[in-house]
Amino acid sequence: MNTALSWIKAYVPDLDVSDQQYTDAMTLTGTKVEGFERLDKNLEKIVVGQILSIERHPDADKLIVCQVDVGTETVQIVTGAPNVKEGDKVPVVLDGGKVAGGHDGGPLPESGIKIKKGKLRGVASCGMMCSIEELGSSRDMYPDAPEEGIYIMKEDTPVGADAVELLGLRDTVFEYEITSNRVDCYSILGIAREAAVTFGKTYCPPAPAVTGNEEKASDYIQVEVQDEELCPRYCARVVKNIRIAPSPEWMQRRLAASGIRPINNLVDITNYVMEEFGQPMHAYDLRRIAGNKIIVRRAKDGDEFQTLDGQLRKLDRDVLMICDAEKEVGIAGIMGGENSKIVDDVKTVLFEAACFDGTNIRLSSKRLGMRTEASAKFEKGLDPNNAQAAIDRACQLIEELGCGEVVGGMVDCYPAPRQPRRVAFDWQQVNKLLGTDIPEQEMLRIFALLDLGYDSEKKEVIVPTFRQDLECGADLAEEVARFYGYDKIPTTLPGGEGTAGKLSFKLRVEELARNVAEYCGFSQAMTYSFESPRVFDKLSLAADDPMRQAITIMNPLGEDYSIMRTSVINGMLTSLSVNYNRRNKNIHLYELGNIYLPKALPLEELPDERMQLMLGFYGDGDFFTMKGVVEEFLEQAGLKKKLVCDPSRKKPFLHPGRQAELVYDGKVIGWIGEVHPDVTDRYEIGDRTYLADLDMQGITKLASFDKKYVGIVRYPAVTRDISMVAKKEIRVGQIEEVIEKFGGKLLESYHLFDVYEGSQIARGYKSVAYSITFRAKDRTLEDKEVGKVMEKILDGLKELGIELRM
Amino acid sequence: MKEKLEQIKAEALERIEEAGALEKLNDIRVAYLGKKGELTSVLKSLKDVAPEDRPKVGQMVNDVRALLEERLENAKAVLARAAREEQMAREEIDVTLPSKKAEIGHKHPNMVALEEVERIFIGMGYEVVEGPEIEYDYYNFEALNIPANHPAKDEQDTFYITDKILLRTQTSPVQVRTMEQKKPPIRMIAPGRVFRSDEVDATHSPSFHQIEGMVIDKNITFSDLKGTLAQFAVELFGENTKVKFRPHHFPFTEPSAEVDVTCFKCGGVGCRFCKGSGWIEILGCGMIHPKVLRMSGIDPEEYSGFAFGMGLERIALLKYEIDDMRLLYENDIRFLKQF
């Protein structure tokens, strides 16, 4: 919402503050000023001058030399403007002054354009006559400005006077951010009321006097509202003998400052009242209203209607229409029809000021894809009691401006007049909520300034209908707080019973995961939760792969963001790819992010959101580096048992010979592997890439931060080294299973120290060497005991077809 | 005998003096003091000495032995020191050669900021909780006093999955879930991912993070809200940070406020960073609306509370002077390494 300060001052005449003071104070009482712009910015030393004489320039066909009376002196100005003549009064910027822009109306330079005396083709020129563009405005806002050339001021303008002031440019336009609850503040009067209370000044709204001739509007028009829910009130007045003319300058200036282009008196009055009262109005040419009747009803599904912008609109039964006895003439609250629009020879006008259901207008305007000035106001839900004031104000202006003859009376369909709301008021409760000690009288004083009534007997605040946002005690507390001053409310800390600050167990495990990943050299990545369904093909997933069971967003930003991820792989590979393609070397990343697994599709209940730890890298390291990081994390998380890498089930996006499911205590908790070259090719990563994915939900269930000390045994250990030859396809994991199975209680640890294939080992076989350590808690082990255990282990290994190597 | 001893002594001392190497000292020790050493043999020949002279001669031998041992030890110490010094000189390194770092990974700037915020609130007794990212319309809107067809629903540009299920547009639904599950006193913060259908650009992202905070107890006041957030701002942005509360509107709080902090770049005098105002907006807050309390099973007659919400990216961007939000989701290591 943009308005000129001068318009606010029209209703708060004593307001005398600087632009910055106004900004700060209004913002602190809740009418947030987003910014302001002075209309006279960079306009310096500009006065009204009168052209006394014009001569041709001796050396240039397109230039003329003018003698201009600027009040204090007569200056010579050379100009190329085609439109000036002797006797014209024009804005003149004097030597050393400034204008806002160039005559082409392009973007305004930040610090304006300085004007100095000089010579044009050898003839001295002192100052410059200004076009409206040079004054920082445009022909749109000053329709009386010539298409090209100098702005010509009125004949009675005093020579030497401040031209900027006379053009209405000594003003500041403020831009507000109005919150959606303050419908009343989407109007000049609403803001003026807030300003008056903020600065403790008197608020003087216009008092629309009842106008009209002896006739009755009801003799001209009848109104029937068929859907009272969607149209709680419909006011109609009639104006005859319309005389279309430009509106007065003051009205044009106020509209222009609000960004509204002045057109003619009739259009300008409706726009003016819309700004002033926040109530949109519509004018119909009464000749074109069949049967002199207005019917407000819903459209029928499939109806079509041509709006006054010439577009054909498809309607449905939830669109409210304004109709005459025969046809539709407008879409209620959104846009009038081509068939009833005002044309130049209009004689009699029907004014409509109605109240429509805000939600209906909002939804209709959304469905129709047309948001207009009017619909933007209506959709907020307007006060029906404001409609009459607005239409009366419009008629008052019609009379004052001589725009037509107002017919007496108003046709008003208002079956259920809205009544002021009563809200119980307990001043101590307000203080209790705010933590303040504000006297009751002070609170009541604020209410009175805000035009809120008070029933002292019932202790109820009587809320006028324009303040639909005030419903309960907390709302009243806010009104008190706003004008008492948020800054004056003390600062305290909550008292009462103490509470323990902590992370949840899940978050503690996640914190550990981050710490381990970071200490292992991985940096934290974050990627979006939604991605493209094409990701599945990129990862070579089969058509029936469960990962393809993804939740789809109904209204995504585009296909690339249309499904909720079922794995973090794509995010990780994309991030690695970005780094690879920017020639960053040796990249290790991790992400802790949710995946979204639907229980059924389409979604009936919330999906399973599972936090995943995804680790990924290219550069230094290999499969076993990654495995080490995983083991380190699991161990830190209290998962002390052996992690089993099971290569039997294959994932299509991983290297078939370099991948494993991670199994802990019989449960799959993730996977690890080298990315399949087909996939790295698609992601344009030209290096071996490794991923590990851990299901944090599963791990959190198994995790524990409990620590228990186990005594350090002082008896010596016995270590035996064995070297064996096994078939190549035997995995060391199988050998270790045997060692663990038969090692029994005495087994303390084992350590693989050599794996070898090549000369001296038969083809298809490998040599594997372990160092196995035994220890008893309560005694020094005898060789015999160790020998027995070793025998069992060796027997076990034989069953796998493994031979000891001598 | 005495002469012989003197001769041995003089000879031995001279050899010790000239030894110059640890091994030679050892040889000398063996040659004089060893089992077959010269001094030992003198001692052995003591039996040939007249008995009355034996103590005297014995004493002399022992004196010579003691002297030699002392000199040997001294010479050994000198040589060992020299050898150590030579080793030290030889082992000198160029300390300006590059380091061998164990490369530790870096946290995402969002996480750095979040951990700072969490640390402050955990210190004030707040529990960190979470809620689902895919949420019911009820929790995201209705239970927060945003009924069906409320314009605020449009303002938030919601991604829908079905009519009833959506991607949460705010972390505020965690307020409702917490109130349903816990009895006051409640002090919690709820960080998490939220979604709004904004096109990606330097200041917008369809997916970002918020941190929600909520306190419910008997006698919680707006002044408590002010005090809490003032303390938070000082902890997060530095000692001299001031806060400004501006009236605002949120459907689920009343009274509501937006909070500005003094610009941490210019300290409040106004600069390009704060667009000349000296203030930077960082969060929204207010007293929890009695309707919201009631809907979630908390009696507004008995309890009151406040809530606040802030954008994590906004804080990270401001605090670390990151000028483009897209950097946060590209994961370029040259960016991540700076945090």
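The rules we used
- Residues numbered from 1 in each chain as written.
- Chains lettered and ligands numbered in written order.
- Predicted model: local features only at pLDDT ≥ 70, side-chain atom pairs only at ≥ 80, totals over all residues.
- Heavy atoms only, no water.
- Helix = DSSP H or I, 4+ residues; strand = E, 2+ residues; numbered from the N terminus.
- Areas by Shrake-Rupley, 256 points an atom, 1.4 Å probe, with all protein chains shown as cover.
- Domains from an automatic or database assignment.
- Buried < 20%, exposed > 50% of the residue type's maximum accessible area, 1.4 Å probe, protein only.
- Arc of directions from axis to C-beta.
- Contact = heavy atoms within 4.5 Å.
- Polar contact = N/O pair within 3.5 Å; in protein donor to acceptor, adjacent residues only side chain to side chain.
- Buried area = accessible area lost by both parts, 1.4 Å probe.
- Salt bridge = Lys/Arg side-chain N within 4 Å of Asp/Glu carboxyl O.
- Pairing = 2+ DSSP bridges.
- Expected span 1.5 Å × (residues − 1).
- Phe/Tyr/Trp six-rings, centres within 6.5 Å; stacked < 30°, edge-to-face > 60°.
- Lys NZ or Arg CZ within 6 Å of the ring centre and 35° of its normal.
- Axes fitted to C-alpha atoms, helices over the stretch in contact; angles between N-to-C directions.
- Disulfide = S-S within 2.5 Å.

Participant: So what's going on with the overall build of chain A? Which residues, and what values?
Facilitator: Check the secondary structure of chain A and you find 20 helices and 40 strands. Expressed as lengths along the three principal axes of its C-alpha atoms, the size of chain A is roughly 125 × 80 × 60 Å. Carbon together with sulfur atoms contributes 48% to the accessible area of chain A, which is approximately 37,400 Å² in total.

Participant: Help me get a handle on the domain arrangement of chain A, residues and values and all.
Facilitator: For chain A, the domain assignment lists domain 1 (2-39 + 172-199), domain 2 (44-166), domain 3 (217-413), domain 4 (421-488), domain 5 (505-702) and domain 6 (718-804). Taking only C-alpha atoms into account, the centre of domain 5 of chain A sits 35 Å from that of domain 6 of chain A.

Participant: Break down helix α10 (residues 427-434) of chain A for me, with residues and values.
Facilitator: Within the span of α10 of chain A, buried status applies to Val-430, Asn-431, Leu-433 and Leu-434 of chain A. Angularly, the buried residues of α10 of chain A cover 165° about the axis, an arc narrow enough to put them on a single face. Buried residues along α10 of chain A sit in contact with α11 (440-449) and α12 (473-484) of chain A together with α9 (222-237), β7 (253-262), β8 (279-288) and β9 (304-311) of chain B. Of the residues flanking the start of α10 of chain A, the one acting as N-cap is Asp-426 of chain A, its side-chain oxygen 3.0 Å from the backbone nitrogen of Gln-428 of chain A. Following α10 of chain A by one or two positions, Gly-435 of chain A has its phi on the positive side, about 75°.

Participant: Account for the side chain of Gln-210 of chain B, naming residues and giving values.
Facilitator: Residue and element names in this part refer to chain B. Within the secondary structure layout, Gln-210 lies in strand β5 (residues 207-217). Residue classification places Gln-210 among the buried residues on the basis of a relative accessible area of 13%. For Gln-210, the side chain forms a polar contact with the main-chain nitrogen of Thr-171, separated by 2.9 Å. What Gln-210 contacts, discounting residues up to four positions off in sequence, is Thr-169, Gln-170, Thr-171, Ala-190, Pro-191, Gly-192, Val-194, Arg-196, Met-310, Gly-311 and Leu-312.

Participant: Explain the environment of Val-243 of chain B to me, and be specific about the residues and the numbers.
Facilitator: Examined against the element boundaries, Val-243 of chain B turns out to sit in strand β6 (residues 243-250). Among all residues touching Val-243 of chain B, those that are not within four sequence positions of it are Leu-229, Ala-230, Ala-233, Val-259, Asp-260, Val-261 and Trp-279 of chain B.

Participant: Before we move on, can you summarise the interface of chain B and chain A with the specific residues and values?
Facilitator: Opposite the 84 residues of chain B that make contact, chain A presents 85 residues. In total, chain B and chain A occlude about 7,100 Å² of area from one another, counting both sides; carbon and sulfur atoms represent 56% of this. Put simply, chain B and chain A have 9 salt bridges between them. Counting every contact that joins chain B to chain A gives 43 residue pairs in polar contact (both at pLDDT 80 or more).

Participant: Go over the pairing of strand β18 (residues 320-323) of chain A, please, and point to the residues and values.
Facilitator: Residue and element names in this part refer to chain A. Of the two faces of β18, both are covered, the one formed by Leu-320 and Ile-322 as well as the one formed by Met-321 and Cys-323. Of the strand pairs in this sheet, strand β15 (residues 293-298) and β18 are connected by 4 bridges, and their pairing is antiparallel. Bridging across to β18, Arg-298 finds its partner in Leu-320. As defined by bridge partners, β18 adjoins strand β19 (residues 328-331) across 3 bridges and the pair is classed as antiparallel. Within β19, the position partnered with Met-321 by the bridge is Ile-331. The antiparallel pairing of β18 with β19 creates a hairpin that spans 4 residues between the two strands.

Participant: A description of unusual backbone geometry should follow, citing residues and the corresponding values.
Facilitator: Here the bond from Leu-601 of chain A into Pro-602 of chain A is cis, since omega is -5°, no more than 30 degrees from zero. Within the fold, Pro-602 of chain A resides in the loop between β31 (587-597) and β32 (608-618). For the bond running from Glu-254 of chain B to Pro-255 of chain B, omega is -10°, close enough to zero to count as cis. Following the sequence through the fold, Pro-255 of chain B ends up in strand β7.

Participant: Please provide a residue-by-residue account of α9 of chain B, values included.
Facilitator: All names here are of chain B. For α9, which comprises 16 residues, the first-to-last C-alpha distance of 22 Å matches the rise-based estimate of 22 Å (1.5 Å per residue) to within 8%. Counted residue by residue, α9 has 12 buried out of 16 residues, so it is predominantly covered. When we look at burial in α9, the residues that qualify are Phe-222, Ser-223, Asp-224, Leu-225, Lys-226, Gly-227, Thr-228, Leu-229, Phe-232, Ala-233, Leu-236 and Phe-237. Taken from the residues just after α9, Gly-238 is the one with a positive phi, measuring 115°.

Participant: Could you give an account of the sheet that holds β15 of chain A, with specific residues and numbers?
Facilitator: Strand pairing within a sheet occurs via backbone hydrogen bonds; the two strands may be parallel or antiparallel. Overall, mixed pairing links the 5 strands, which are arranged β12-β15-β18-β19-β20 (chain A) in an open sheet. One side of each edge strand has no neighbouring strand; the edge strands of this open sheet are β12 (222-225) and β20 (335-336) of chain A.

Participant: Pulling in residues and values, what's your account of the packing of aromatic side chains?
Facilitator: Taken as a whole and assessed by the stated rule, the structure comprises 34 aromatic pairs over all chains. Aromatic pair Phe-530 of chain A and Phe-159 of chain B: ring centres 5.5 Å apart, planes at 65°, arrangement edge-to-face. Residue Phe-530 of chain A is found in strand β29 (residues 530-531), and its partner Phe-159 of chain B is found in the loop between α7 (151-155) and β3 (165-167); the two belong to separate chains. Accessibility assignment for this pair places Phe-530 of chain A and Phe-159 of chain B in one class, buried. Positioned over the ring face of Tyr-186 of chain A is Lys-380 of chain A, at 4.3 Å from the centre of the ring.

Participant: I'd like to hear about the pairing of β19 of chain A, residue by residue, with values.
Facilitator: As judged from the 2 bridges shared by β19 of chain A and β20 of chain A, these two strands associate in the antiparallel manner. Note on β20 of chain A: the bridge partner recorded for Ile-331 of chain A is Met-335 of chain A.

Participant: Can you explain the sheet that holds strand β26 (residues 460-463) of chain A? Please cite residues and give values.
Facilitator: Residue and element names in this part refer to chain A. The strand order across the open sheet formed by 3 strands is β24-β26-β25, and the pairing between neighbours is antiparallel. Only two strands of the sheet have a single partner each, and these edge strands are β24 (421-424) and β25 (453-455). Each neighbouring strand pair of the sheet contributes to a mean axis angle of 30°, computed without reference to strand direction. As paired strands, β25 and β26 are joined by 3 bridges and run antiparallel to one another. From the neighbouring strand, Gly-453 faces β26, where its bridge partner is Ile-462.

Participant: Could you give me a rundown of the state of the cysteines, with the residues and numbers involved?
Facilitator: Among covalent bonds in proteins, the disulfide is the one between the sulfur atoms of two cysteines. Residue and element names in this part refer to chain A. Tallied over the full model, the rule gives 0 disulfides over all chains. Cysteine Cys-126 remains unbridged, with the sulfur of Cys-130 as its closest cysteine sulfur at 13 Å. Owing to a relative accessible area of 23%, Cys-126 belongs among the partly exposed residues under this scheme.

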